[in-house]
Amino acid sequence: MIYFIGAGPGDPELITVKGMKLIQSCGVVIYAGSLVNKEILKYAKKDASIYNSASMSLDEIIDIMKEAHNKGIDVARVHTGDPTIYGAIREQMQELDGLGIPYEVIPGVSSFTAAASVLKKELTLPEVSQTIIITRAEGRTPVPQEQTLRSLSKHKATMAIFLSVQDIDKVVEDLKEGYSEDTPVAVVYKATWEDELIFEGTLKNIAEKVKENDINKTAMILIGDFLGDIKEYSKLYDAAFSHNYRKA
Ligand SMILES: C[S@@+](CC[C@H](N)C(=O)[O-])C[C@H]1O[C@@H](n2cnc3c(N)ncnc32)[C@H](O)[C@@H]1O
C-alpha cells in the first residue's frame, strides 16, 4: 500500500497521529525534501529506506513505489502541509491506478491554516468574510483565465495565496483590482518552523516589507478584512440565539 501523507506545515508535531503512525510502520519513506521538515523523518523506522523526491522525476518516484509494492513493503509518500493542495499527488495516483497499486491519502494541516493560527486570526468572520479563496499567482504554472488574482480579488473574500511571494509586486498590483489599498495583508514565512517570520501591513506597504527582508519562498500571503478588527460576534455563542444544542 502507498500512503500519501500530509506532513503538516513544519512543526513535526503538526502531523496527524495517523500520518505519524504510518511513517513509523512503512519500510520505504519518500519525502518532498524541498519543503517537508526533515525532523519528520525521526518517526521512520531505523531500517527504513528513505528517499528525497526533490531531485527525482515522476518516473523515478513511481519506480520506487512499484519496487516496494512488489516486495510487499508499504510506502509513506510524505508531502508538505495537506497533500491535496498543490501536492502534485494526482499524477502519482493516476500512475498507480495504471499499475493497479492501491493507495490512501492521509490529510494534513495546510500552511494556510497554520499561517492563520500563528497570526491568531480566524479566516472566516461574520459580516466580514464567509469565503476563503485558496489560490496562487500565475508563474511558470499557468492559471485558468477565470481564476486570475485580478478576477478573484473582486470577491473581497479571505484569500490565501500560495507559491507567489517571489512575485509580490505583481501580486499586490493584481489584488488592487478588487481590494482597497488599505486592506490588511500578512505574509508568513515558514509558519510553525523555528525560523518563522511574520510581516503585517496593507496592500500599500507589504511588498516593501517582504523585499526588505528577502522573502522569496516558503511564505503564505493572506489578505482580507478578517485580519482587521472584528465587527460582529458569531451567533454560535450568542446567548439570545437558539440552536439545536442550546435554547436562548
Ligand atoms: C507546493 S506548495 C505546498 C502546499 C502544501 N501542500 C500545504 O498544504 O501547505 C508550497 C507552498 O506552500 C506554502 N507553504 C508551505 N509551507 C509553508 C509554511 N510553513 N509557511 C508558509 N507557507 C508555506 C508556500 O506558499 C509554498 O510556496
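The name an unreviewed UniProt entry gives the protein chain is Precorrin-4 C(11)-methyltransferase, with Aceticella autotrophica as the organism. Turning to the protein chain, the UniProt record has this under Sequence similarities (unreviewed entry): "Belongs to the precorrin methyltransferase family." The UniProt entry for the protein chain carries this comment under Pathway (unreviewed entry): "Cofactor biosynthesis; adenosylcobalamin biosynthesis."

Enquirer: Please clarify how the overall build of the protein chain should be interpreted in this entry.
Expert: When you go through the protein chain residue by residue, the secondary structure sums to seven helices and 10 strands. Burial status across the protein chain gives 46% buried among its 248 residues. For the protein chain, contacts bridging at least 24 residues in sequence account for 65% of all contacts bridging at least 6. As presented, the protein chain carries roughly 13,600 Å² of accessible surface, and 48% of it is formed by carbon and sulfur atoms.

Enquirer: I would appreciate a short explanation of a negative patch on the surface in the present structure.
Expert: A cluster of like negative charges, contributed by Asp59, Glu60, Glu91 and Glu95, occupies part of the molecular surface. At the level of elements, helix H2 (58-70) and helix H3 (90-99) are the ones that each hand at least two residues to the negative patch. Within the fold, Glu91 resides in helix H3. Its relative accessible area of 43% is what places Glu91 among the partly exposed residues.

Enquirer: Whenever I open this one, H3 confuses me. Can you help?
Expert: For H3, every residue scored as buried is listed here: Gln92, Met93 and Leu96. Projection of H3 onto a plane perpendicular to its axis shows the buried side chains occupying an angular sector of 95 degrees, all on one side. Opposite the packed face of H3, turned more than 90 degrees from it, sit the exposed residues Arg90, Gln94 and Gly98. Among the structural elements, strand E1 (2-6), H2, strand E4 (75-79) and strand E5 (103-106) are those in contact with the buried residues of H3. Two residues or fewer after H3 comes Gly100, characterised by a positive phi angle close to 70 degrees.

Enquirer: Any chance you could explain the site of the ligand here in plain terms?
Expert: Near the ligand, the surroundings consist of 18 residues, among which Ile85, Ser110, Ser111, Ala191 and Ala219 are the closest. Here an oxygen atom of the ligand and a side-chain polar atom of Ser111 are 2.6 Å apart. Between the ligand and Leu163 there is a distance of 2.9 Å, counted from an oxygen atom to a backbone nitrogen or oxygen. When its residues are assigned to classes, the shell around the ligand shows 11 nonpolar, five polar and two charged. Two domains each donate at least three residues to the shell around the ligand, and these are domain 1 (2-106) and domain 2 (111-227).

Enquirer: Explain helix H4 (residues 111-119) here, please?
Expert: Side chains three or four residues apart in an α-helix point the same way, a direct result of the helix having 3.6 residues per turn. Buried within H4 are the following residues: Phe112, Ala114, Ala115, Ala116, Val118 and Leu119. Residues of H4 that are buried in the fold lie against strand E6 (132-136), strand E7 (158-162), strand E8 (184-189), strand E9 (197-202) and strand E10 (219-223).

Enquirer: Would you take a moment to explain the domain arrangement of the protein chain for this structure?
Expert: A common way to report how large an interface is uses the accessible area buried once the components associate. You can read the domains of the protein chain as domain 1 (2-106) and domain 2 (111-227). Here domain 1 and domain 2 have C-alpha centroids that lie 28 Å from each other. A combined buried area of about 790 Å² lies between domain 1 and domain 2, and 72% of that area is made up of carbon and sulfur atoms. Interface area lost by domain 1 to domain 2 is led by Pro9, Ile85 and Tyr86, which between them contribute 63%. Taken together, the links from domain 1 to domain 2 amount to zero salt bridges. Remark: the boundary between domain 1 and domain 2 carries four residue pairs in polar contact (both at pLDDT 80 or more). Of the residues assigned to the side of domain 1 that touches domain 2, the class counts are six nonpolar, two polar and one charged.

Enquirer: Help me understand the sheet that holds E1, please; the structure alone is not making it clear to me.
Expert: Through backbone hydrogen bonds, the strands of a sheet pair up, either in parallel or in antiparallel fashion. Taken in spatial order, the five strands of this open sheet run E3-E2-E4-E1-E5, and their pairing is parallel. Each edge of the sheet is formed by a strand with only one pairing partner; in this case those strands are strand E3 (49-52) and E5. Adjacent strand axes in the sheet meet at a mean angle of 15 degrees, parallel and antiparallel pairs treated alike. In this sheet, E5 lies alongside E1 in parallel orientation, the contact comprising four bridges. Note that in E5 the partner of Phe4 across the bridge is Val105. Where helix H1 (residues 17-25) meets the sheet, it contacts E1, strand E2 (28-31), E4 and E5, and its direction lies at approximately 135 degrees from that of E1. Each of E1, E2, E3 and E4 touches H2; the most contacted strand, E2, lies at about 165 degrees to it.

Conventions we followed
- Residues numbered from 1 in each chain as written.
- Predicted model: local features only at pLDDT ≥ 70, side-chain atom pairs only at ≥ 80, totals over all residues.
- Heavy atoms only, no water.
- UniProt positions renumbered as here; feature names shortened; annotations may be inferred.
- Helix = DSSP H or I, 4+ residues; strand = E, 2+ residues; numbered from the N terminus.
- Buried < 20%, exposed > 50% of the residue type's maximum accessible area, 1.4 Å probe, protein only.
- Contact = heavy atoms within 4.5 Å.
- Areas by Shrake-Rupley, 256 points an atom, 1.4 Å probe, with all protein chains shown as cover.
- Patch = residues over 30% accessible without salt bridge, like charges linked within 9 Å, V, L, I, M, F, W, Y side chains within 5 Å.
- Salt bridge = Lys/Arg side-chain N within 4 Å of Asp/Glu carboxyl O.
- Lys, Arg positive; Asp, Glu negative; His and termini not counted.
- Charge placed at Lys NZ, Arg CZ, Asp CG, Glu CD.
- Arc of directions from axis to C-beta.
- Near = heavy atom within 4 Å.
- Polar contact = N/O pair within 3.5 Å; in protein donor to acceptor, adjacent residues only side chain to side chain.
- Nonpolar A, V, L, I, M, F, W, Y, C, P; charged D, E, K, R; others polar.
- Domains from an automatic or database assignment.
- Buried area = accessible area lost by both parts, 1.4 Å probe.
- Pairing = 2+ DSSP bridges.
- Axes fitted to C-alpha atoms, helices over the stretch in contact; angles between N-to-C directions.

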